[in-house]
Amino acid sequence: MDKQQIISYLKEKDVHKIKFAFADIDGVLRGKIIGNEKFIDGLQDGYGFCDVVFGWDSGDICYNNVALTGWHTGYPDRPCRIDLSTFRTIPWQDNIPFFIADFSKNDGKDLPACPRSLLKRVAAHCEEMGYHPEFAQEFEWFNFRETPQTLKDKSFTQIQTLTPGMFGYSILRTSQNSDFYYDLFNLLKEFNIPLEGLHTETGPGVYEAAIIHDQVLQAADKAVLFKNGVKEIADLHGIMASFMAKWDEKLPGCSGHIHQSLWDKKYSKNLFYSVDDEYNMSALLKHYLAGQLHCLPYILPMYAPTINSYKRLVEGAWAPTTVTWGVDNRTTALRVLHPSEKYTRLETRIPGSDSNPYLAMAASLSSGLYGIKNKLPLNIKPTVGNGYEDKTNGQLSPNLYEAAMKMKGSPIAAELFGADFVEHFTQTRLWEWKQFAKSVTDWELKRYFEII
């Protein structure tokens, strides 16, 4: 709908308020409800929003190491702009109109820290190169019979999962919670986030969902809204959903794999497919794959942005640890799939469910395009067998500090995303590490309290 159609819709439906939200640097949705007059007045120039939303962490603690905003700037308002093309209604909230916003102008440029603005710029560059980027993200997450209050009261101990035991692809487990299960599938579809599939994964109370693919910006919008939508729908059923990468060391982690392909501008031909290649890989796909492999060590925090991300990236945990690729190989960082011309694609397996979809997709697409622009040859051979043992081309950084420092000083990262974004983003990751480094963990208490 265009502006006039939306205004007419509000009048016809006698709607007096709308909700909008944007994703911060961690992919957390921040937003508000505003009245119709405010909504209409701000469609041209935006709505003032305190830029502290890019000056604090996920716990609302202000950074002291970023230049973009802070006490030194007085935390001024920045214009937050609604994207009218994202209009949808929230079926589990009386169908209130909802929009996604960001901090970019029509040309995609403005606040360097805004993740959606960054992806818009990368997507526009892809279109300029003559390609249509088709993306999708899939998520695993754990469900619990908890609330924020019960977790606080129990100090995050004795956490009760929705169901017990390891039971992947279980028809029984989803039937035992069928109201929740079907609400997820049906309500998300009404919210314009149609799912390709939804099932249990191995692990107590863990589900996996694959979102139907779309143009990269719309795909990222859907991925961000999916995570928040799942949490809201779960709450209606007395359930708490968590997208932590790894909440228990004894259980599998939760992935956020990204599937991607490049098509012609008319979206009629998959440019990753070639009938003449052994694995149906076109020359374009090989350059794209080579670009991702080349850039991966320098942009890892875009895929793995939290302290917890790296607890998932360990050997034997269905998550990659090496700079590798393979054909339908789930032990490698990058997995090529070629079941048919329509579905030939690349799966980037590094991101966990804690990733910010805008940043993870921007990293995937921009690094792939880097390989195409520079015609990088695919010199790395596909890994056959155990990718954890194939350390020929290096391993992923083992923690957020090392990954952030490597990205901070990387000319490649600056070329891909701009120096201002890289500086701000890596400083926020180093802040995260600093907060973790000064904390006293349960492990330390159990290890040292009596014995040392």
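For the structure, see preceding data.
Residues numbered from 1 in each chain as written. Predicted model: local features only at pLDDT ≥ 70, side-chain atom pairs only at ≥ 80, totals over all residues. Heavy atoms only, no water.

Caption draft 1: Local environment of the packing of helix H3 (residues 115–128) against helix H7 (residues 216–236). At a minimum axis distance of 9 Å, the contact between H3 and H7 shows a crossing angle of 155 degrees. In this view, H3 runs roughly antiparallel relative to H7, as classed from their interaxial angle. In the crossing of H3 with H7, the sense of the turn from one axis to the other is right-handed. Contact with H3, carried on its side by Arg 116, Leu 119, Lys 120 and Ala 123, involves Val 216, Leu 217, Ala 220 and Asp 221 of H7 and no other residues of that element. (Axes fitted to C-alpha atoms, helices over the stretch in contact; angles between N-to-C directions. Helix = DSSP H or I, 4+ residues; strand = E, 2+ residues; numbered from the N terminus. Parallel < 35°, antiparallel > 145°, perpendicular 65-115°, else oblique. Left-handed = near helix turned anticlockwise from the far one by under 90°. Contact = heavy atoms within 4.5 Å.)

Caption draft 2: Fine view of H3. Taking 1.5 Å of rise per residue, the 14 residues of H3 would be expected to cover 20 Å, and the 20 Å separating its terminal C-alpha atoms lies within 8% of that figure. What H3 keeps buried is the set Pro 115, Arg 116, Ser 117, Leu 118, Leu 119, Val 122, Ala 123 and Cys 126. Residue Gly 130 follows H3 closely and has a positive phi angle near 100 degrees. (Expected span 1.5 Å × (residues − 1). Buried < 20%, exposed > 50% of the residue type's maximum accessible area, 1.4 Å probe, protein only.)

Caption draft 3: Summary view of the environment of Glu 37. Along the chain, the position of Glu 37 falls in helix H2 (residues 36–41). With 20 residues separating them along the chain, Glu 37 and Lys 17 place their C-alpha atoms 8.9 Å apart.

Caption draft 4: Molecular detail of the sheet that holds strand E5 (residues 96–102). Strands sit in the order E2-E1-E5-E4-E3 across an open sheet of five strands; the sheet is mixed. Edge positions in the open sheet fall to strand E2 (29–35) and strand E3 (47–50), since each of these has one partner strand only. Strand-to-strand twist of the sheet, defined as the mean angle between neighbouring strand axes without regard to direction, takes the value 40 degrees. Looking at chain direction, E3 and strand E4 (residues 77–90) are connected through four bridges and run antiparallel. Across the sheet, residue Tyr 47 finds its bridge partner in E4, namely Cys 80. The sheet contacts of helix H1 (residues 3–12) involve strand E1 (17–23), E4 and E5, and relative to E4 the element is tilted by about 70 degrees. (Pairing = 2+ DSSP bridges.)

Caption draft 5: Looking closely at the layout of surface pockets. Approximately 2,200 Å³ is the volume found for the largest pocket. The wall of the largest pocket is formed by 45 residues, among which Phe 156, Met 244, Lys 246, Trp 247 and Asn 308 lie closest to the centre. When contributions to the lining of the largest pocket are tallied by element, the ones reaching two or more residues are helix H4 (148–153), H7, strand E10 (240–242), helix H13 (419–437) and helix H14 (442–448). A breakdown of the residues in the lining of the largest pocket according to their chemical character gives 19 nonpolar, 12 polar and 14 charged. By volume, the second largest pocket is sized at about 870 Å³. Glu 138, Glu 208, His 259, Arg 335 and Glu 347 are the residues nearest the centre of the second largest pocket, which is lined by 43 residues in total. (1 Å grid on protein atoms, 1.4 Å probe; cavity = no way out; pocket = protein on both sides within 12 Å on 5 of 7 lines; lining within 4 Å. Points joined across faces, edges and corners; volume = space filled by probe spheres on them. Nonpolar A, V, L, I, M, F, W, Y, C, P; charged D, E, K, R; others polar.)

Caption draft 6: Representation of helix H8 (residues 283–303) in the model. Here H8 contains 21 residues, and its C-alpha end-to-end distance of 25 Å is more than 12% below the 30 Å for a straight helix at 1.5 Å per residue. At Pro 297, H8 shows its maximal kink, close to 80 degrees. (Bend = angle between axes of the 7 residues up to and from the residue.)

Caption draft 7: Expanded view of the environment of Ser 117. Inspection of the secondary structure assignment puts Ser 117 in helix H3. Separated by 153 residues in the primary sequence, Ser 117 and Asn 270 have C-alpha atoms spaced 26 Å apart. Engagement of the side chain of Ser 117 in a polar contact is seen with the side chain of Ser 104, the distance being 3.3 Å. (Polar contact = N/O pair within 3.5 Å; in protein donor to acceptor, adjacent residues only side chain to side chain.)

Caption draft 8: Broad picture of empty space enclosed by the protein. Taken as a whole and assessed by the stated rule, the structure comprises one cavity of 30 Å³ or more. Forming the boundary of the largest cavity are 14 residues, of which Thr 163, Arg 173, Thr 200, Gly 203 and Gly 205 lie nearest the centre. Elements with a minimum of two residues in the lining of the largest cavity: helix H5 (171–176) and strand E8 (206–211). Residue classes in the lining of the largest cavity are distributed as five nonpolar, seven polar and two charged.

Caption draft 9: Structural detail: the pattern of salt bridges. For the coordinates displayed, the defined rule picks out 17 salt bridges. Between Arg 116 and Asp 83 there is a salt bridge, with its nearest N and O atoms 3.0 Å apart. A residue pair is termed long-range when its members are at least 10 positions apart, and Arg 116 in helix H3 and Asp 83 in strand E4 qualify at 33 residues. The residues Arg 116 and Asp 83 share a single accessibility class, namely buried. The shortest N-O distance in the salt bridge between Arg 349 and Glu 347 comes to 3.4 Å. When salt bridges that share partners are traced, they join Asp 83, Asp 102, Arg 116, Lys 120 and Asp 221 into one network. (Salt bridge = Lys/Arg side-chain N within 4 Å of Asp/Glu carboxyl O.)

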